[in-house]
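Structural overview for review
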Amino acid sequence: MVREDLPRGVQAAQLAHAAARSAAGLHTEITHVVVLAAQTEDALLRAASRLERGGVSFVLIREVDLPYRGAATALG
């Protein structure tokens, strides 16, 4: 899941980060990918909170570079 309020190129990069980090060591020959969007950072964090409460394992991506430094940008 990625924030919808980010530019498309940034969205693609953040999705790649989230996919790689959340699937590390879990690759199989058949992979299914679903891409979702959260309208804002707050919506993304609410989704992360719901996943956590439901016991679902995920990785929250926080950007390290400007202009989004420290912001939650995607989850996988």
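None of these values were measured; they are calculated from a predicted model.

1. A word on the pattern of salt bridges
Under the counting rule described, the total for this entry stands at three salt bridges. The closest approach of N and O atoms between R3 and D5, which form a salt bridge, is 3.0 Å. R62 is the partner of E41 in a salt bridge, and the nearest nitrogen-oxygen pair spans 4.0 Å. Taken together, the residues span a long stretch of sequence, with E41 in helix α2 (residues 41–53) and R62 in strand β3 (residues 60–62) at a distance of 21 residues. R62 gets classed as partly exposed once you look at its relative accessible area, which sits at 44%.

2. Structural notes on the environment of A71
Note that A71 resides in the loop between β3 and β4 (72–75). On the basis of relative accessible area, A71 is assigned to the buried category, the value being 12%. Remark: the alpha-carbon pair of A71 and E41, spanning 30 residues in sequence, is separated by 7.5 Å. Setting aside residues up to four positions removed in sequence, A71 forms contacts with R3, E41, I61, R62 and E63.

How each quantity is defined
Residues numbered from 1 in each chain as written. Predicted model: local features only at pLDDT ≥ 70, side-chain atom pairs only at ≥ 80, totals over all residues. Heavy atoms only, no water. Salt bridge = Lys/Arg side-chain N within 4 Å of Asp/Glu carboxyl O. Helix = DSSP H or I, 4+ residues; strand = E, 2+ residues; numbered from the N terminus. Buried < 20%, exposed > 50% of the residue type's maximum accessible area, 1.4 Å probe, protein only. Contact = heavy atoms within 4.5 Å.

By themselves, these figures tell us nothing about what the structure is for.
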